[in-house]
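This is what each chain is made of:
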Amino acid sequence: MSGGVIVVAEHLRGALRDVTAELVGAAMALDAGPVTVAVLAGEPSALAVSCALEGVDEVVEIATPSAGFDSDVWRAALGALVTDRQPRLVVAAHSVDGMAFAPALAAELGGGLATDVIGLASTAAGVTAARAPYGGKVAMAVELPVGSVVMLRPATFAAAAAGGSPSRTAFACPAVVSRLAHRDYVEQAASEVDLGAADVIVSIGRGIGDRENIALFERVAARLGATLGSSRPLVDAGWMPHARQVGQSGTTVKPSVYVAFGISGAVQHLAGMKGARTIIAVNTDRDAPIFGIAQFGAAVDALEVGEAIADG
Ligand SMILES: Cc1cc2nc3c(=O)[nH]c(=O)nc-3n(C[C@H](O)[C@H](O)[C@H](O)COP(=O)(O)OP(=O)(O)OC[C@H]3O[C@@H](n4cnc5c(N)ncnc54)[C@H](O)[C@@H]3O)c2cc1C
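As the structure is a computational prediction, the values presented were derived from the model and not from experiment.

A. Summary view of the packing of helix α6 (residues 214-224) against helix α9 (residues 302-311). Between α6 and α9, the shortest axis-to-axis distance is 9 Å and the interhelical angle comes to 45°. Put simply, α6 runs oblique to α9. For the pair α6 and α9, the sense of crossing is left-handed. Facing Leu-216, Phe-217, Arg-219, Val-220, Arg-223 and Leu-224 of α6, the residues of α9 in contact are Leu-303, Gly-306, Glu-307, Ile-309 and Ala-310.

Written as C-alpha cells, this is what we have:
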C-alpha cells in the first residue's frame, strides 16, 4: 500500500455538502499520510475549488457521465482510483449516498468496512474505528486492515477549515453501464424545518408537562433567535412534527448552543446532540443524565425559566 487517505467528496446540486469538510478533518487528524479528495461529478472542476480545505494535499477530479450521484459509476470509478493509488483508507460519509456505494466498494476491494463511525485512530496495521450501535448503548472498537473503507457519521468530526492549496489532478472515469437514470429532484417541503443547519436550538422534552406549554417555548426560541427542537416522546404524542425531533431516530444536530428544557438525556437523544458546542440543561432532577454532558445547567422548573426568558 502506498499510503494516504482518499476522502470522497459529497455534494448535492452543485454545492459541496458540509460533511465533506468533516471527512477531511477526520482524515487530517489521522495523520496517515497525504489527504486526497476525490470529486466525482459531471463538471467536477467547480466543486474542486470548494475542496481546497486545510489539510488537503490533492484534489482528484473525476468527470462522470451524469451530473449528480450515480452509485454504479461512483463505485466503479472509486474502485479504479483506489486500485491505482493504494491508499491506507477510504473515507466516505455515512449518508444516503454513502450507503449506496461505499459498502459495495469495500466488498470489491476486499478490505474492511465500518459504517456509522464516530471516532478514528491510526494503528500500525490500519485503523481503529469507534462505533456506538444499539442507540449508543454499546461502545465498539473495530480494527480494520489497511485498504479499508470507513463511513463517518455526519456532524460528529471537526470540520477542516477553508484555505488549503491542494494540487489538482484528473482521473479518467472508467466506462460503466449504470443501472440508474436520474429523473428529477424533489424539493423538501418548505414547511419542514432544517434542524441540522440550526446554529442555536431550544429543545423541549416530556418535562414541559403539557402540550399547551409548547407555545411558551416557541416564544423562548423566538426570543433567543433559536430553532425549536424536541425529544421523541413529544413527537410520538403528536405534539411536535418529526422534523423537530433530535436524536438517533430524528436529526443529528451540531449547533453552537443547545438548550434542553425538561429532557432527561437518554442515549438516543444524546446521540443526536452531543456534538453541540455548548449544552445548557434545565431539569428539576439534578441527577438527570443530561447534566453529564451539559456545560451549564439549572436544576429548576423548565416553565419558570421559560417564562423568565419569554417575558423578561
Ligand atoms: C430505537 C429508539 C430510538 C429512539 N430515538 C430517539 C430520538 O431520536 N430522540 C429522542 O429524544 N429519544 C429517542 N428515543 C427515546 C429515548 O429513549 C427517551 O425515551 C427519550 O429521549 C426521553 O425523552 P424526554 O427526555 O423528553 O423524556 P423523559 O425521559 O421522560 O425525561 C423528562 C425529564 O424532564 C424532567 N422534568 C420533569 N418535570 C420538569 C420540569 N417541570 N422542569 C424541568 N424538568 C422537568 C424530568 O426530571 C426528566 O429528566 C428512542 C428510543 C428508542 C428505543
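B. Looking closely at the sheet that holds strand β14 (residues 257-261). Strand order in the open sheet formed by five strands is β13-β12-β14-β15-β16, and the pairing between neighbours is parallel. Only two strands of the sheet have a single partner each, and these edge strands are β13 (227-230) and β16 (296-298). Taking the axes of each pair of neighbouring strands and ignoring which way they run, one obtains an average angle of 20° across the sheet. Inspection of the sheet shows β14 paired to strand β15 (residues 278-282) by five bridges, in the parallel sense. In the strand pairing of β15, Val-259 is matched with Ile-280.

C. Quick peek at the sheet that holds strand β6 (residues 89-93). If you walk across this open sheet you meet the nine strands as β9-β8-β7-β10-β6-β1-β4-β5-β11, and the pairing is mixed. Lying at the two open borders of the sheet, with one neighbouring strand each, are β9 (140-145) and β11 (167-170). Strand-to-strand twist of the sheet, defined as the mean angle between neighbouring strand axes without regard to direction, takes the value 35°. As judged from the three bridges shared by strand β7 (residues 113-122) and strand β10 (residues 148-152), these two strands associate in the parallel manner. Note that in β10 the partner of Leu-113 across the bridge is Val-149. Seen against the sheet, helix α3 (residues 71-85) touches β1 (5-8), β4 (35-41), β5 (58-63) and β6 and runs at an angle of roughly 150° to β4.

D. Examining α3 more closely. Taking 1.5 Å per residue, 15 residues should reach 21 Å; α3 reaches 21 Å between its end C-alpha atoms and fits that length. Along α3, the positions that sit buried rather than exposed are Val-73, Trp-74, Arg-75, Ala-76, Ala-77, Leu-78, Leu-81 and Val-82. Buried residues along α3 sit against β1, β4, β5, β6 and α4 (96-109). Once α3 finishes, Gln-86 follows within two positions and takes phi at roughly 50°, a positive value.

E. Fine view of the pairing of β7. Direction of pairing for β7 relative to strand β8 (residues 126-131): antiparallel, over a ladder of five bridges. Within the sheet, the bridge partner assigned to Ser-122 lies in β8 and is Val-127. Connecting the antiparallel pair β7 and β8 is a turn made up of three residues.

F. Structural context of the domain arrangement of the protein. When the domains of the protein are assigned, the result is domain 1 (5-170) and domain 2 (195-311). Between domain 1 and domain 2, the C-alpha centre-to-centre distance is 32 Å. The interface of domain 1 with domain 2 comprises seven residues on the first partner and ten residues on the second.

G. Region of interest: the site of the ligand. By nearness alone, 28 residues border the ligand, and Gly-205, Gly-207, Arg-232, Gly-247 and Ser-264 come closest of all. Contributing elements (two or more residues each) for the shell around the ligand: α7 (232-236), α8 (267-273) and α9. Top element by residues in the shell around the ligand is α8. It accounts for three residues. Residues of the shell around the ligand, tallied by class, amount to eight nonpolar, 16 polar and four charged.

Calculation notes
Each chain has its residues counted from 1, running along the sequence as written. At least 70 in pLDDT is required for a residue's local features to be given in this predicted model, at least 80 for side-chain atom pairs to be given and counted, and no such filter applies to totals for whole chains, interfaces and linings, which use all residues. The axes used here are C-alpha line fits, helices contributing only the stretch in contact, and every angle between their N-to-C directions lies in the interval 0 to 180 degrees. Secondary structure is summarised from DSSP: a helix means a run of H or I of at least four residues, a strand means a run of E of at least two, and numbering begins at the N terminus for each. Small angles under 35 degrees read as roughly parallel and large ones over 145 as roughly antiparallel, with 65 to 115 read as roughly perpendicular and the rest as oblique. Note on convention: the crossing is left-handed when the near helix lies turned anticlockwise from the far helix by less than a right angle, right-handed when the turn is clockwise. Note on contacts: residues are paired as contacts if their backbone-placed C-beta atoms lie within 7 Å. Strands qualify as paired when DSSP identifies two bridges or more between them. A helix is expected to span 1.5 Å for every residue after the first. As a rule, residues whose C-beta atom has 12 or fewer other C-beta atoms within 10 Å are exposed, those with 20 or more are buried, and those in between are partly exposed; C-beta atoms are placed from the backbone. All the domain ranges listed were derived from an automatic or database domain assignment. A residue counts as near a molecule or strand when its C-beta atom, positioned from the backbone, falls within 6 Å of it. Three categories are distinguished: nonpolar for Ala, Val, Leu, Ile, Met, Phe, Trp, Tyr, Cys and Pro, charged for Asp, Glu, Lys and Arg, and polar for the others, with Gly belonging to the last.

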